[in-house]
Amino acid sequence: MRKPFIAGNWKMHKTIEEAVSLVRALKKELANVEGCDVAVCPPFVTLPAVREALEGSDIGLGAQNVHWEDEGAFTGEVSPLMLVGLCDYVIIGHSERRNVFGETDEWINKKVHAALAHSLKPIICVGESLEQNRAGETEPFVGGQVRAAFEGITAAQAKLVTMAYEQIWAIGTGLAATGEDANEIIGSAVRGTLADLYGDDVAQTMRVQYGGSVKPQNVAEFLSQPEIDGALVGGASLKAPDFSEIVKKGLAAHLKQ
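Residues numbered from 1 in each chain as written. Predicted model: local features only at pLDDT ≥ 70, side-chain atom pairs only at ≥ 80, totals over all residues. Heavy atoms only, no water.

A. Here's a closer look at the overall build of the protein. In terms of regular secondary structure, the protein is built from 12 helices and eight strands. Taken over the C-alpha trace, the protein has a radius of gyration of 17 Å; the compact-globule value for 257 residues is 18 Å, and the two agree within 12%. Principal axes of the C-alpha set define a box for the protein whose edges measure 45 × 45 × 35 Å. With 257 residues in all, the protein has 53% of them scored as buried. Across the protein, the fraction of contacts at a sequence separation of at least 24, relative to all contacts at a separation of at least 6, is 73%. Accessible area of the protein: about 11,500 Å², with a carbon and sulfur share of 50%. Each charge class in the protein was averaged separately, 23 positive and 34 negative side chains, and the resulting centres sit 6 Å apart. (Helix = DSSP H or I, 4+ residues; strand = E, 2+ residues; numbered from the N terminus. Rg over C-alpha atoms; globule rule 2.2 N^0.38 Å. Buried < 20%, exposed > 50% of the residue type's maximum accessible area, 1.4 Å probe, protein only. Contact = heavy atoms within 4.5 Å. Areas by Shrake-Rupley, 256 points an atom, 1.4 Å probe, with all protein chains shown as cover. Lys, Arg positive; Asp, Glu negative; His and termini not counted. Charge placed at Lys NZ, Arg CZ, Asp CG, Glu CD.)

B. Focus on the state of the cysteines. For the structure shown, the criterion picks out zero disulfides. C41 provides the cysteine sulfur closest to C87, a residue in no disulfide bond, and the two sulfurs are 8.1 Å apart. Relative accessible area serves as the criterion here: at 6%, C87 is assigned to the buried category. C125 forms no disulfide, and the closest cysteine sulfur to it belongs to C41, at a distance of 9.3 Å. (Disulfide = S-S within 2.5 Å.)

It is worth stressing that arrangement in space is one thing and function is another; only the former is reported here.
In structure tokens, the structure reads:
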């Protein structure tokens, strides 16, 4: 059984003081939780303070984005070299980066290469729009995103990657797929494509999270599914009681499989 992995994407929320307060509360809430990898991904400016506040806990730390160059004339960007020693994970290709900021599949692939070159563990996001879903285009579209992200990535490197399947239409809207629907798409379009690229043995070792309005009320529906190994949580990760409940309920559901 793959070890579940639940990560909180704070997006553009929390000042340094608020971020430290939140992780201190999470340390207490999750102190006795075992058998599940947990990480928080706060804004760049809070990473040093959050890292310090997390000392003595098993909660991992991730960044929300990264550039593919180590340095250069890229105003406003953060390089992988700047994240080394600061965090463990980095989210790459979130739908907001793709749709709001125009990141392409080529950029995503460059970022994956850069992250792995500096021993940062990517959380690669893929997912379709509501229109694509309704048009029956989900599997070829998501599969294409997976193939593009892993261009030039070896099987050994692929094992270090976590995938996050996020239905764009379910992010921040309160809508969510059913657990069975998400499980089917992950099994075919995400893990199925990884199996085509690297073989089933490698694909079965890789963790795939579900993202899209994950809440304490619905996390068990998703993590009880065999293809879903965790969650990438947005708004519900901004409150310690909610995120802690998601971790505990998600772990319990996963262990019942």
